[in-house]
Structure formats: C-alpha cells, structure tokens
Amino acid sequence: MNGTRIAAVGHYQPAKVLTNEDLAGMVDTSDEWIRSRVGIRTRHVAGPDEPVDELAAHAAAKALASAGLTPGDIDLVLVATSTAVDRSPNMAARVAARLGIPSPAAMDVNVVCAGFTHALATADHAVRAGAATRALVIGADKMTDVTDWTDRTTCVLVGDGAGAAVVEACPADEEPGIGPVLWGSVPEMGHAVRIEGTPSRFAQEGQSVYRWATTQLPPIARKACERAGLAPEDLAGVVLHQANLRIIEPLALKIGAVNAVVARDVVDSGNTSAASIPLAFSKLVERGEVSAGDPVLLFGFGGNLSYAGQVVRCP
C-alpha cells in the first residue's frame, strides 16, 4: 500500500472558560504568576454532565463532516485518553455508540500526553496493513476531573477538550500523508508525571519534565523529520504537546523549524493532555495558518516520559 493520509480534522471545547483571575480566587496565585511560569491565560472546563466520550464525539463528528463521510464509512475507532472513569465499555466504544458507527474495532490508547500521536501511528499502521479502511483517531481528556484544586502548581495548568482526525488510504498517485513514527519512553522515569491514587489525581515533577523535554527531545523530534525525508526548516508547522509555553518555545527553537508556524494553543486552552495536539492542529487548519498539503510535525510527550512524533500533510 502506498500509505495513508489525514482526510480531515475537528475539535471541540466546553463552553465554560476558567480565567487566571478565577483561579486567583480559589488558590494563592495570580495572573502574573501563571503567565510568567506557564504562559496560560484561560482554559475550558467541562461540567459534571459532560463526560469525556461526549467531548470526543463532538470533535469526531466535526472531523467526519469535514471529510464528507458518514459513521458507516469508519471501521476503526481509536481514542487516546487517560481520564476515562470506567473500565468498560471503553471510551472508543462509547464514542462509536454516540455516533452510530456500526461494528468498528474500538480501542483506547493510554499514553497520556503522547496518546494522540501513538494512536495516529497505530491507525496508519492498521490501514496500511489492510486491517482497517478508515479510522477515526481522537484525543480527548477531562483533566479537571483528576485535578487537585488546592494545588496551585498543577491546577493552573489543566483544561478539557478533544480533537479528532480521519485517517484513510492515499490514492495510488499520491505521496503518503502520514510519515513514519518515531516513538519511545523512559519507563524508569515514569514517576515524573502521574495520574494515580483513589481518587485519581494529576501530579508531576515539573523541573524533571522541563529538563527532559528541552534537552532530550529536540534530537528525537529532528529524527522524526528525517524519517519523513524532510529537514526541520522544510516544516510549515510544528504542533507539540501543549504542556507549558516555557517548554514549547525552547523545544521548537531547538528543533530548528525556523519557517514553521508553532502552535501555542496552550495559552487559551491550557494542558489538555491527549487532546492537546489534535486540538491545536485542528485550530491551525481551521484558521488557515497552514494549508492543504503543508508538512507539519506532530510531537507528543509527557506521561510515562513517553514520546511519539511524525510529520503529516495537512488535509
């Protein structure tokens, strides 16, 4: 098979917006403190009646509509999430039921903040192998469900949302639109980012994550470009996991993508974990900041100190 491509993307965020000023009334913090340390101004927060699968289904429906497809055209649903409350039915099955997708393979992928790029690679491999025809790949998280709202070092970071992509085979005369994945992890450092306990709570060792992301990841991201046959300066866009502006900006600079638009959706959306990359990518496409066929590096990193990146062509 020649390869696969992203046919369309879509995203969704809850209506409620939580500002830095709102947070200053909840914990000992301020707008200046938050902006100077993580670069975030606002984040979207889902209500108790907005579960993760609802966020995911909204984003997926938009991607399907943009691709001109119906639920019956999909035979694989992958949902990257780390905030599912229930074990079964899994999130992918719940989303498929909401959308009316008949008899798909339905799997969740839990690689936390790198989940979407892992799921995208898995869909690429499945379609290339002939195990699926069209895949719906979704990153969705409700981080506010696992947040300690008395901890000012973490509660200022998080937001809720979802992003989705439709993956399909390329025509025979078209170059692949999803490049080879480069993925891995540092499992012995898995304690640096955690969602654990009862009730589950998000915690991290911020300085450890910052040092790892800004020193160890740039050569890995450049190698993902090499696997796609491109130099970093050939990129039209860079969409990194939207963890923290103080990580995104130096990491993008060290990658060397000097001609690329760098997604900074974290400023308005906060850290939405597995949703952050498809959410930011979909917004770049929607706003016309990248054009059809443009090469864009998607690079997820975070929980488990896992990473996965690939160069894709914009739908």
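Quick look at the structure, then. (Residues numbered from 1 in each chain as written. Predicted model: local features only at pLDDT ≥ 70, side-chain atom pairs only at ≥ 80, totals over all residues. Heavy atoms only, no water.)

A closer look at the overall build of the protein chain
In terms of helices and strands, the protein chain carries eleven helices and 14 strands. With respect to the three principal axes, the spread of C-alpha positions in the protein chain is 60 × 40 × 40 Å. Scored against the burial criterion, the 315 residues of the protein chain give a buried share of 57%. Long-range contacts, defined here as pairs at least 24 residues apart, represent 76% of the contacts in the protein chain between residues at least 6 apart. One way to put it: in the protein chain the 26 positive side-chain charges average out to a point 4 Å from where the 35 negative ones average out. (Helix = DSSP H or I, 4+ residues; strand = E, 2+ residues; numbered from the N terminus. Buried < 20%, exposed > 50% of the residue type's maximum accessible area, 1.4 Å probe, protein only. Contact = heavy atoms within 4.5 Å. Lys, Arg positive; Asp, Glu negative; His and termini not counted. Charge placed at Lys NZ, Arg CZ, Asp CG, Glu CD.)

Some details on the packing of aromatic side chains
Tallying each qualifying case throughout the model produces two aromatic pairs. For the ring pair Trp212 and Phe301, a centre distance of 6.4 Å and an interplane angle of 70° mean the geometry is edge-to-face. Residue Trp212 is located in helix α7 (residues 206-215), and its partner Phe301 is located in strand β13 (residues 295-302); the two are separated by 89 residues in the primary sequence. The burial state of Trp212 is the same as that of Phe301; both residues are buried. Among the residues examined, Phe301 registers a relative accessible area of 1% and is labelled buried. (Phe/Tyr/Trp six-rings, centres within 6.5 Å; stacked < 30°, edge-to-face > 60°.)

So, the sheet that holds strand β11 (residues 237-240)
Strand order across the open sheet formed by five strands is β8-β14-β13-β11-β12, with mixed pairing between neighbours. The open sheet is flanked by β8 (182-185) and β12 (261-262), the only strands paired with a single partner. Sheet topology places β8 next to strand β14 (residues 306-313); four bridges connect them, and they run antiparallel. For Ser185, the partnering residue across the bridge sits in β14 and is Ser306. Those strands touched by helix α8 (residues 217-227) are β8, β13 and β14, and its axis lies near 145° from that of β13. Sheet contacts for helix α9 (residues 245-255): β11, β12 and β13; angle to β11, the most-contacted strand, approximately 135°. (Pairing = 2+ DSSP bridges. Axes fitted to C-alpha atoms, helices over the stretch in contact; angles between N-to-C directions.)

Comments concerning the nonpolar core
If you look at the biggest cluster of nonpolar residues, it comprises 49 residues, and the most contacted ones within it are Trp212, Leu217, Leu235, Leu240, Leu297, Phe299 and Phe301. Of all elements in the fold, only α2 (31-38), α7, α8, β11, α9, α10 (266-269), β13 and β14 reach the threshold of two or more residues within this core. Broken down by element, this core gets its largest block of residues, six residues, from α9. Not counting residues within four places of it along the chain, the set of residues in contact with Leu217 comprises Trp212, Leu251, Phe299, Phe301 and Tyr307. Core analysis: the next-biggest nonpolar cluster, separate from the first, contains 32 residues, Val111, Ile178, Ile277 and Val312 among them. (Core = buried A, V, L, I, M, F, W, Y, C linked by side-chain atoms within 4.5 Å.)

Things to note about the environment of Ser291
Position of Ser291 among the secondary structure elements: in the loop between α11 (276-286) and β13. Classification of Ser291 as partly exposed rests on a relative accessible area of 42%.

Quick word on the sheet that holds strand β5 (residues 105-109)
Remark on secondary structure: sheet strands pair via backbone hydrogen bonds, oriented parallel or antiparallel. Pairing is mixed in the open sheet, where five strands are placed in the order β1-β7-β6-β4-β5. The open sheet has two edge strands, β1 (4-12) and β5, and neither has a second partner. Neighbouring strand axes in the sheet, compared pairwise and without regard to direction, differ in orientation by 15° on average. Two strands pair when backbone bridges link them, and strand β6 (residues 134-142) and strand β7 (residues 160-169) are joined in this way by nine bridges, in the antiparallel orientation. If you follow Gly139 over to β7, its bridge partner there is Gly163. Helix α5 (residues 115-128) rests against β1, β4 (76-80), β5, β6 and β7 of the sheet, and its axis sits at about 165° to β4.

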